[in-house]
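# Report on the structure
Each chain, written out:
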Amino acid sequence: MKKLLTFLLTSTLFLLASFSGKKDNVKFWSEKTSISNAIDFEKSLTKKIDFLEMNVSLSKSIYPLVDKYKIAKPIIVQRDQKGFLPLFVEYFYSEPDSIIRYISYDWEKERYGNFFKKQDMWKEESKKLKEYNSEYERIKSTLIDQLGKPITQDKQPQKTESTNSGRGDYFSRNTIWETEEYYSKLNMIFESMTYRIRWYYYWKK
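To start, this report covers the structure provided alongside it. Please read all numbers here as calculations on a predicted model, not as lab measurements.

Below, the discussion takes up the nonpolar core. Formed by 33 residues in total, the largest nonpolar core has its most connected members in Tyr-91, Tyr-105, Trp-107, Ile-197 and Trp-199. Secondary-structure elements contributing two or more residues to this core are α2 (35-45), β4 (87-95), β5 (100-107), α3 (119-125), α4 (129-147), β9 (182-191) and β10 (194-203). Discounting residues that sit within four places of it in the chain, Tyr-91 has contacts with Trp-29, Ile-35, Ala-38, Phe-41, Glu-42, Pro-74, Ile-75, Arg-79, Ile-100, Tyr-102, Ile-103 and Tyr-105. Counting 12 residues, the second-largest nonpolar core is a separate cluster that includes Ile-62, Tyr-102, Tyr-183 and Tyr-200.

Encoded structure:
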């Protein structure tokens, strides 16, 4: 009986730890505030924070309001890796008011690495569609907890014919949330030179 109770207690603790880890794995910021608040939020998640200096810009195709504001160079944070993929967070804000306008979370290996040194990594990642899809589901579940039910979603990765010569067909997956206030999209790209999950969020006004 004692062994049985010990086993049940251990199993219960394991399940509780697993559940807690799933819920706490990704923390999202989705408030339209000063960039300083987002920086404080990032600092609250870890004792050591890595800020990256990169020249990153937005296109109108991904952020339709890019011409409306003077967008500063983003604050980029590389978080401690807790899941299957490293996470990079980019906060784009307007000048001179320092208000956040667009947010991007990118789960991607060697996101800012040397392009010419990625060949072996791409070859290895090409075998991991199941893992990427599982990570997508985990992230999507957390976002649903925060944003509610999406307006559209792909239940499984969709095979798409590539428009880039020589790069072959690829898999993608999308989930979209949209209201009068904001637009948000969770996207997965799984193709020969891009293996990435991205969530982005922006305010419409």
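Attention shifts here to the pairing of β4. For β4, the tally of buried residues reaches eight of nine residues, placing the bulk of the element in the interior. As judged from the two bridges shared by strand β2 (residues 70-71) and β4, these two strands associate in the antiparallel manner. Bridged to Lys-70 within β4 is Glu-95. The pairing of strand β3 (residues 75-78) with β4 spans four bridges and is classified as antiparallel. Counted as the bridge partner of Ile-75 is Tyr-91 from β4.

Okay, the environment of Ile-100 next. One can find Ile-100 in strand β5. The exposure class of Ile-100 is buried, given its relative accessible area of 0%. Separated by 63 residues in the primary sequence, Ile-100 and Asn-37 have C-alpha atoms spaced 9.6 Å apart. Non-local contacts of Ile-100, meaning those with residues more than four positions away in its chain, are made with Trp-29, Glu-31, Lys-32, Thr-33, Ser-34, Ile-35, Ala-38, Tyr-91, Phe-92, Tyr-93 and Trp-203.

This paragraph deals with the environment of Tyr-201. Inspection of the secondary structure puts Tyr-201 in strand β10. Spatially, the C-alpha atoms of Tyr-201 and Leu-186 are 9.0 Å apart, while their sequence positions differ by 15 residues. In this structure Tyr-201 touches Ser-30, Arg-101, Tyr-102, Ile-103, Leu-147, Tyr-182, Tyr-183 and Ser-184, once residues within four positions along its chain are discounted.

Rules behind the numbers
Residues numbered from 1 in each chain as written. Predicted model: local features only at pLDDT ≥ 70, side-chain atom pairs only at ≥ 80, totals over all residues. Heavy atoms only, no water. Core = buried A, V, L, I, M, F, W, Y, C linked by side-chain atoms within 4.5 Å. Buried < 20%, exposed > 50% of the residue type's maximum accessible area, 1.4 Å probe, protein only. Helix = DSSP H or I, 4+ residues; strand = E, 2+ residues; numbered from the N terminus. Contact = heavy atoms within 4.5 Å. Pairing = 2+ DSSP bridges.

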